[in-house]
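Topology and contacts: notes
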Amino acid sequence: MPYSPFSTVESAPPDPILGLTENFRNDPNPKKINLTSGVYQDETGVNPVLKSVKQAERIWLETETTKDYLGIGGEASYAETVQKFVFGADHPIVTGRRAVTAHTPGGTGALRVAGDFLHGQFPGAAIWVSDPTWPNHHGVFKSAGMQVNTYPYYDPESRGLRFEALMAALEAVPENDVVLLHSCCHNPTGVDPTPEQWDRIIEVFQQRPILPLLDFAYQGFGKGLEADSYAVRAFGSAGLEMIVSSSFSKNFGMYRERVGALTVVAGDSTAATAVMTRLKQAIRANYSNPPSHGGNVVEMVIRNKELHALWEQELDEMRNRIQGMRHLFVETLKKCGVRRDFDFLLRQNGMFSFSGIMKAEVVELRETYGIYLVENGRINVAGMTKANMEYLCQSIAAVLKD
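Values in this document were obtained by computation on a predicted structure and should not be read as measured data.

**Topic: the overall build of the protein chain**
Broken down by element type, the protein chain carries 15 helices and 13 strands. Taking 402 residues into account, the globule formula puts the C-alpha radius of gyration at 21 Å, and the protein chain, at 22 Å, falls close to it. Classification of the 402 residues of the protein chain by burial places 55% in the buried group. Partitioning the intrachain contacts of the protein chain with sequence separation of at least 6 by distance along the chain shows that 75% fall at a separation of at least 24. Accessible surface for the protein chain amounts to roughly 18300 Å². Of this, 51% is attributable to carbon and sulfur atoms.

Written out as structure tokens, the structure is:
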């Protein structure tokens, strides 16, 4: 018989979120609703191409002169644009050249480069993530060879932050380890620290030799571009070294273009330059060079005054629609006779919420009504519309046991 090594390969379990999306597509229920995947949808249930993005793409199509490779870390102008966008043009990190930025294929690509860099330079360091966190955090950093631990974050009883437990955990994180923090719009809970709580968190990092890694995937989707930047900029103003993973998939609606960035803030420009050589080393062994199109579009929109104004208007509309759906969802549940308190959704930020809907109820919603949630009860509020809200809430009312 011919050599058949692949005959022994066993199928991997489906992704807990993307697998549900595939099941949703195959569901014949005409009223089906998908509240699983982390993609913004408009009132018609479609992920739209922003007008600002489309205009920038037209300009780029007309002016593009080459399809040559980008450098390993991407264009210097892209890095400069990202740094000013994340920290502010006059932030000491930017003016002091303490940061280096690599253009990456999405926020996930940035996290993987960070994992490869950290494991290569600090092989004994573990990374700590919130309980719960975006499930792929575990996969990304484990695949990079890092040990992944968790710290307490969400309180299912209060539907809020376990702040004092979080603080105690930060005090106990071993020296030289890395702590991953969600800068805003915590995924999957939607629960964020207040500015005052962020200040206390930063104090711990000022006092202890642990490294913050801030996952900044939803800038502008919480309370606005400036407000959502509070944690990142406050860490920077405290003089701390840190890593920031940025994604432009959500706030530019460019999911399939995979546009992200990894920024490392060092103590001075000399250390930052050395770090960049190691980031490039990790990138070269992985995907070699970043893709061009999406990064050029993001850079053009941010730098062009007219396009930037249009984009901010569109971003405001997306954020306001999400907030509007939160309010309508809570109101409609009450009208449908639901006694369980869902008012906590109004205190959360971004697309996601831990709904408190239990696993058995999630399964019944999916199998009986064609409504898809992640089994832990996480919902994507952007999947709600005025058209599907009544059916959604009536279905939830039918399965809740209290």
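Still to come is the rest of the account.
**Some details on the packing of helix 7 (residues 163-172) against helix 8 (residues 195-207)**
Interhelical geometry of helix 7 versus helix 8 gives an angle of 10° and a closest axis separation of 10 Å. One finds that helix 7 runs roughly parallel with respect to helix 8. Residues F163, E164, L166, M167, L170 and E171 of helix 7 form the contact with helix 8, whose own contacting residues are Q197, R200, I201, V204, F205 and Q207. Residues of the contact of helix 7 with helix 8, tallied by class, amount to 7 nonpolar, 2 polar and 3 charged.

**Quick word on the environment of V244**
Among the secondary structure elements, V244 is positioned in strand 9 (residues 242-247). Assessed through its relative accessible area of 0%, V244 is described here as buried. Discounting chain neighbours no more than four positions away, the residues touching V244 are V86, F87, L214, F216, V232, A261, L262 and T263.

**Observations concerning the pattern of salt bridges**
The full count for this structure, using the stated rule, is 14 salt bridges. Between D343 and K334 there is a salt bridge, with its nearest N and O atoms 3.2 Å apart. Each of the salt bridges in this network shares a partner with another, and the network as a whole consists of E80, K84, E299 and R303.

**A short note on the environment of F205**
The topology assignment puts F205 in helix 8. Residue classification places F205 among the buried residues on the basis of a relative accessible area of 2%. On a C-alpha basis, the gap between F205 and L333 in space is 42 Å, while along the polypeptide they are 128 residues apart.

**Structural notes on the pairing of strand 4 (residues 148-152)**
Judged by how many residues are buried, strand 4 sits mostly within the fold: 4 of 5 residues are covered. Here strand 3 (residues 127-131) runs beside strand 4; their pairing, made up of 5 bridges, is parallel. For S130, the partnering residue across the bridge sits in strand 4 and is Y151. Crossover handedness for the path strand 3 to helix 6 (residues 135-143) to strand 4: right-handed.

**Concerning the nonpolar core**
Formed by 95 residues in total, the largest nonpolar core has its most connected members in I201, F235 and F329. In terms of residue count, helix 13 (residues 305-335) provides more of this core than any other element does, 9 residues in total. Every residue in contact with F329, bar those within four places of it in the chain, is listed here: L345, I379, M384, M389, L392, C393 and I396. By size, the runner-up hydrophobic cluster in this structure holds 27 residues, among which are F117, I127, L213 and I243.

**Digging into the packing of aromatic side chains**
In the structure shown here, the tally under the stated rule is 13 aromatic pairs. Seen in terms of ring centroids, F342 and F344 are 6.0 Å apart; in terms of plane orientation they differ by 25°. Their pairing is stacked. Assessed through its relative accessible area of 3%, F342 is described here as buried. Taken together, the ring pairs in this structure connect F85, F248, F252 and W311 into an aromatic cluster. When the ring centre of F24 is taken as origin, the NZ or CZ atom of K32, which lies over that ring, is 4.8 Å away. The residue whose ring lies beneath R159 is F344, and the NZ or CZ to ring-centre distance is 5.0 Å.

The rules behind the values
- Residue positions within a chain follow its written sequence, with the count starting from 1.
- Since the coordinates come from a predicted model, pLDDT governs what is reported: local features require at least 70, and pairs of side-chain atoms require 80 or more to be given and counted, while whole-chain, interface and lining totals use all residues.
- Calculated side-chain values reflect all of the structure's heavy atoms, with hydrogen atoms and water omitted.
- Strands here are runs of E lasting at least two residues and helices are runs of H or I lasting at least four, both read from the DSSP assignment and numbered beginning at the N terminus.
- As defined in this context, the radius of gyration uses C-alpha atoms, and a globule is described by 2.2 Å times the residue total to the power 0.38.
- For every residue, the accessible area obtained with a 1.4 Å probe (protein chains only) is divided by the maximum for its type, and the residue is called buried under 20%, exposed over 50%, and partly exposed between those limits.
- Residues are treated as being in contact if the distance between any of their heavy atoms lies within 4.5 Å.
- Shrake-Rupley sampling with a 1.4 Å probe provides the accessible areas, and residues are treated as covered by the protein chains on show and by no other component.
- Each axis is a line fitted through C-alpha atoms, taken for helices only over the stretch in contact, and angles between the N-to-C directions span 0 to 180 degrees.
- For classification purposes, angles smaller than 35 degrees are called roughly parallel, those larger than 145 roughly antiparallel, those between 65 and 115 roughly perpendicular, and all remaining angles oblique.
- Only Asp, Glu, Lys and Arg are considered charged in this grouping, and only Ala, Val, Leu, Ile, Met, Phe, Trp, Tyr, Cys and Pro are considered nonpolar; every other residue, Gly among them, is considered polar.
- Just to be clear on terms, a salt bridge is a Lys or Arg side-chain nitrogen sitting within 4 Å of an Asp or Glu carboxyl oxygen.
- DSSP calls a pair of strands paired once it identifies at least 2 bridges connecting them.
- Orienting the strands away from the viewer, one traces the path from the first strand over the helix to the second; a clockwise path indicates a right-handed crossover.
- In plain words, nonpolar cores are sets of buried Ala, Val, Leu, Ile, Met, Phe, Trp, Tyr and Cys residues tied together by side-chain atoms within 4.5 Å.
- The criterion for an aromatic pair is that two Phe, Tyr or Trp rings (for Trp, the six-membered ring) have centres within 6.5 Å, with stacked assigned to planes under 30 degrees apart, edge-to-face to planes over 60 apart and tilted to the rest.
- Only when the NZ atom of a Lys or the CZ atom of an Arg is both within 6 Å of the ring centre and within 35 degrees of the ring normal do we say a charge sits over the ring.

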